[in-house]
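Observations on chain architecture
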Amino acid sequence: MRKIGLIIVFLLIVPTIFAQQITEDEVNQIAKRMYCPVCENIPLDACGTAACADWRYEIRLMMEQGFTEEQIRADFVDRFGDRVVGTPQDPALRALSLVTPWLLGLIALMVGLMTFWKWNKAAETKIEKPAPSATPDANDYRSILEKDLYGGS
Amino acid sequence: MLAEIGLVSLAFTLLAALYSVGACVYGQHKRLPHLILSGRNAALMTFVSLFISTGALEVALLTEQYQISYVWSVSNPSMQMFYRVTALWGSQAGSLLFWAFLMSGFSAAAIWLNWNTNRRLMPYAIAYMMAVLAFFVALSLFIENPFTRYWITPTGDVVDTILIPAGASMPRADLLASSARGLNPLLRHFGMAIHPPLLYLGFVGFVIPFAFAMSALASGDLSSNWIKATRRWTLTSWLFLSLGLLLGGRWAYDVLGWGGYWGWDPVENAAFLPWLTGTALLHSVMIQEKRGMLKLWNMFLIIGTFSAVIFGTFATRSGLVESVHSFARSGIGIPMFLFWSGMTLVSVWLILWRNRRGELRDDNEFVNLLSRESLFVLNNVVFMALFLAIFWGSFGAPIISELFMDTEITLGLEYFNRVTTPLFVVMYILMGIAPLAAWGATSLKRLGKAILIPFALTMVSLVGIAMAGMNSIGALFGYGVVMLAGYVALYEIYRAIAARSRRGENPLAATFALLQRSPRRYGGYLIHLGVTVIGIGVIGSTLYQQETQRTLSVGESLTIDNYELRYDRFDGQQVSRDGRIMDIANVTILRDGREITQLRPRRDFFPGGQDGMNSMTIAGSHSTLENDFYVLLVGWEPVNQNTVTFKVYINPLINLVWWGGIILILGTVITSLPANVMPERVRKQMVVLAGANA
């Protein structure tokens, strides 16, 4: 009976002894990539409210229970919505958020390229003009600079 | 009495501004110079009347007239005089009035300075400026009136109204004073006290070039006159906006307690957006000035900048940033949205109308793809892409997801770092190459020759950095790109000074002469140099930031890198002169075992502060050019303060962000000076003095 008691005590103590010692830095590492569900746009690791301190404590408890970072983030998203993470977890929202700026950038680039194309076309139609040249003209920056440098004060 | 004075002069301002719009438009349409002159005088009068109105509110704040509800909500008897002054823009009603006051000041100055030189543009320019002013004054008068007062009605209710309710009496002055709320603690910081006026100056300043551009469209004077008339206004606005952004960053670093200066918060981004379009405009107008090209694009850019200013003001003041649904609840949300969309639509319509008539056609034609104008177009593409990406992350995606998918989302650091970093890299590359390219056409050979020495200097620097222990390819690439832009600017300045020195001038006199002769070019190089220094600071403080958080007992230490922090003592419940209660931890900082300084990170509490706004985390920091050792007091054991939690950051090169900002500001000031600004006599004296000092 005594042996059984010792085994039970051992089984209770050992996991406690070997339980992960979660540091505040490890908690912050996860909290840094999450946002306070109450305050607008404040990272969870930096938010000073009591609610955020509780949520950081919750993260610590989940880490101690062996939850991974992704599981913790998913749990918070389930409870508070996609606003608690820096990029949405929902695939449709994630795609919308991340792809759109590149599409917009592409449109901006297209506008720039179209400007070049328009310019190029206009230059080509002016065949009577001399061919494009790299010779400095009156507007040439280099020639103005050289004039400035050597042309007297 | 002060409330009545303020209110009457505010109402007069609205009437004067509306009269000015009508007189200038009708006078121009019917060719009635006396009516235009009258409209101009009315516009100038708005400055006088708003000065009186704003002055009345300021005097009310200084003399503690707590019966005025605005004064009661942003001040209290324990506040220092300085913060009483800055409380003028401490809340919505006051800041709208202040915005209008600055706008009227800028308008009056623009009218005064341009009346004789740009007579054709002035009537419509005045009309546009006054239309914007009238809108903000109307907001101030009808929705966010800073002159409402508290009254006790016969039924015992306390109400704040503009007019005195029948049979109402004044509340007791001592009761009002004892319950006054005081300024939001987060605003009780020097940086935050002057950050809003600087941003407002930047914002309202961009209204001037916008009004002149719209006037050019309305009057048909589509030459570069509007650009010449407003170049300095654009630069001045850009200068104030840059200063405002820098001070906002510094305030965040000092007061918000998260170890950084830029969090991609929608409010910050709302101020950054017009800065981006304004920067694109400053480059793009050069093409119109030099080559008569991009007339249409410049019109769109100035509208975009103005639109971003109004949208930023709308987004941050209407509640849109918090939630799409809260903006309608804010009194100014819907009027601002209508004004913003109305002005934008009218402006775009004007552009399209003129463009359809062929009046915005370029004067010159493109010569070569490899030219400065091409690189400037690419630069504009990058700035617009940054604008769109930041707008999307701050407003677009959150609004669309909430409106159409019923989900609130936050796009944070992950999004912004991923999307903006490549664009900033391209921006720095262009910043390095574009100044070396010629207008019209250049050749690869010439460009290669010009960039050779800056490129070699960059490579040497990178080898040095790598030998110092930095081995991240990404960081080295980032530093390389940023430093190339800086070396190009430095080398160009050096070449010019060296050439003049060879003619016998000493370097100081040569520098002075160059800045005198061509302030735009060399001021521009200084701005590029400032942006380079900021870039080096941003890379260092972002990629190499170290942080740790530990709970310590008295006498215990934590170690981070080669630093050690020792917790010495806790001074709890210290009361300062302005009534704040401070909890202060005393710590000693050692580096390589040697004591370097003692710091006192603290938490300030403001009794009676507004909910959620009554505490402030003030970091203790030891600053050197190499890094900041930055300590935050995160928490402590409430009973005996024996154990305290600290969060410690090492922010490498962070001070370069502020130093770069100073260089940028200096460069902008030089750029906006006219060539040969000083009289000949003074210039000669300066040159002689420089010679004597050599």
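Regarding the interface of chain A and chain B
Taken residue by residue, the interface counts 56 residues in chain A and 74 residues in chain B. Counting the surface lost from both chain A and chain B, the interface buries some 5600 Å², and carbon and sulfur atoms represent 56% of this. The interface formed by chain A and chain B contains 5 salt bridges. Salt-bridge contacts for Asp45 of chain A lead to Lys647 of chain B; the nearest nitrogen and oxygen are separated by 3.2 Å.

Notes on the sheet that holds strand β11 (residues 627-636) of chain B
Residue and element names in this part refer to chain B. On the basis of which strands lie adjacent, the open sheet formed by 4 strands has the order β3-β12-β11-β10 and antiparallel pairing. Two strands bound the open sheet, and with one partner strand each, they are β3 (546-553) and β10 (620-623). Across the sheet, the mean angle from the axis of one strand to that of its neighbour is 20°, orientation sign disregarded. In terms of strand pairing, β10 meets β11 through 4 bridges, oriented antiparallel. Pairing of Ser623 across the sheet is with Asp628, part of β11.

A closer look at a nonpolar patch on the surface
All names here are of chain B. Together, Met1, Ile5, Phe12, Met45, Val48, Phe51 and Ile52 make up a nonpolar patch on the protein surface, roughly 670 Å² of accessible area in all. Only α1 (2-29) and α2 (33-62) provide two or more residues apiece to the nonpolar patch. If you tally residues by element for the nonpolar patch, the top one is α2, at 4 residues. Within the secondary structure layout, Phe51 lies in helix α2.

Here we look at the pattern of salt bridges
Considering all chains together, one arrives at 24 salt bridges over all chains under this definition. Among the salt bridges present, the one from Arg566 of chain B reaches Asp568 of chain B, with a minimum N-O distance of 3.1 Å. Given the relative accessible area of 25%, Asp568 of chain B is considered partly exposed. One connected set of salt bridges, linked through shared partners, spans Arg33, Glu69, Glu70 and Arg73 of chain A together with Glu414 of chain B.

Quick look at the confidence of the model for chain B
Residue and element names in this part refer to chain B. Residues with a pLDDT of 70 or more make up 94% of chain B, whose mean pLDDT is 87. Ranking the elements of chain B by mean pLDDT puts helix α21 (residues 680-693) last with 58 and α2 first with 95. Two summary scores accompany this predicted model of the complex, namely pTM at 0.86 and ipTM at 0.72.

So, unusual backbone geometry
Residue and element names in this part refer to chain B. Look at Glu64: it is not a glycine, yet its phi comes out positive at around 55°. With respect to the element layout, Glu64 can be found in the loop between α2 and α3 (69-74). We classify Glu64 as partly exposed; its relative accessible area is 33%. Unusually for a residue other than glycine, Asp561 sits at a positive phi of about 55°.

So, the pairing of strand β4 (residues 557-560) of chain B
Residue and element names in this part refer to chain B. Burial of the side chains of β4 is restricted to one face: Leu558 and Ile560 are buried, whereas none of Ser557 and Thr559 on the reverse face is. The sheet contact formed by β4 and strand β5 (residues 563-575) spans 4 bridges and is antiparallel. Pairing of Ser557 across the sheet is with Arg566, part of β5. Between the end of β4 and the start of β5, which pair antiparallel, lie 2 residues, with Asp561 showing a positive phi angle near 55°.

Examining helix α3 (residues 50-64) of chain A
All names here are of chain A. Compared with the 21 Å implied by 1.5 Å per residue over 15 residues, the 21 Å span of α3 between its first and last C-alpha is a close match. Every buried residue of α3 is listed here: Cys52, Trp55, Arg56, Ile59, Arg60, Met62 and Met63. Viewed end-on, α3 has its buried residues packed into an arc of 165°, placing them on one side of the element. Facing away from the buried side of α3 by over 90 degrees, the exposed positions are Ala50, Asp54 and Tyr57. For α3, the elements touching its buried residues are α2 (24-31) and α4 (69-80). At the exit of α3 stands Gly66, carrying a positive phi of roughly 95°.

Details of the side chain of Asn114 of chain B
Residue and element names in this part refer to chain B. Relative to the helices and strands, Asn114 is located in helix α5 (residues 92-114). From its side chain, Asn114 meets the backbone oxygen of Ala110 in a polar contact 2.9 Å long. The residues contacting Asn114, other than those within four sequence positions of it, are Arg119, Met122, Phe212, Ala229 and Trp233.

Cut-offs used in this document
Residues numbered from 1 in each chain as written. Chains lettered and ligands numbered in written order. Predicted model: local features only at pLDDT ≥ 70, side-chain atom pairs only at ≥ 80, totals over all residues. Heavy atoms only, no water. Contact = heavy atoms within 4.5 Å. Buried area = accessible area lost by both parts, 1.4 Å probe. Salt bridge = Lys/Arg side-chain N within 4 Å of Asp/Glu carboxyl O. Pairing = 2+ DSSP bridges. Helix = DSSP H or I, 4+ residues; strand = E, 2+ residues; numbered from the N terminus. Axes fitted to C-alpha atoms, helices over the stretch in contact; angles between N-to-C directions. Patch = residues over 30% accessible without salt bridge, like charges linked within 9 Å, V, L, I, M, F, W, Y side chains within 5 Å. Areas by Shrake-Rupley, 256 points an atom, 1.4 Å probe, with all protein chains shown as cover. Buried < 20%, exposed > 50% of the residue type's maximum accessible area, 1.4 Å probe, protein only. pLDDT = per-residue confidence, 0-100. Expected span 1.5 Å × (residues − 1). Arc of directions from axis to C-beta. Polar contact = N/O pair within 3.5 Å; in protein donor to acceptor, adjacent residues only side chain to side chain.

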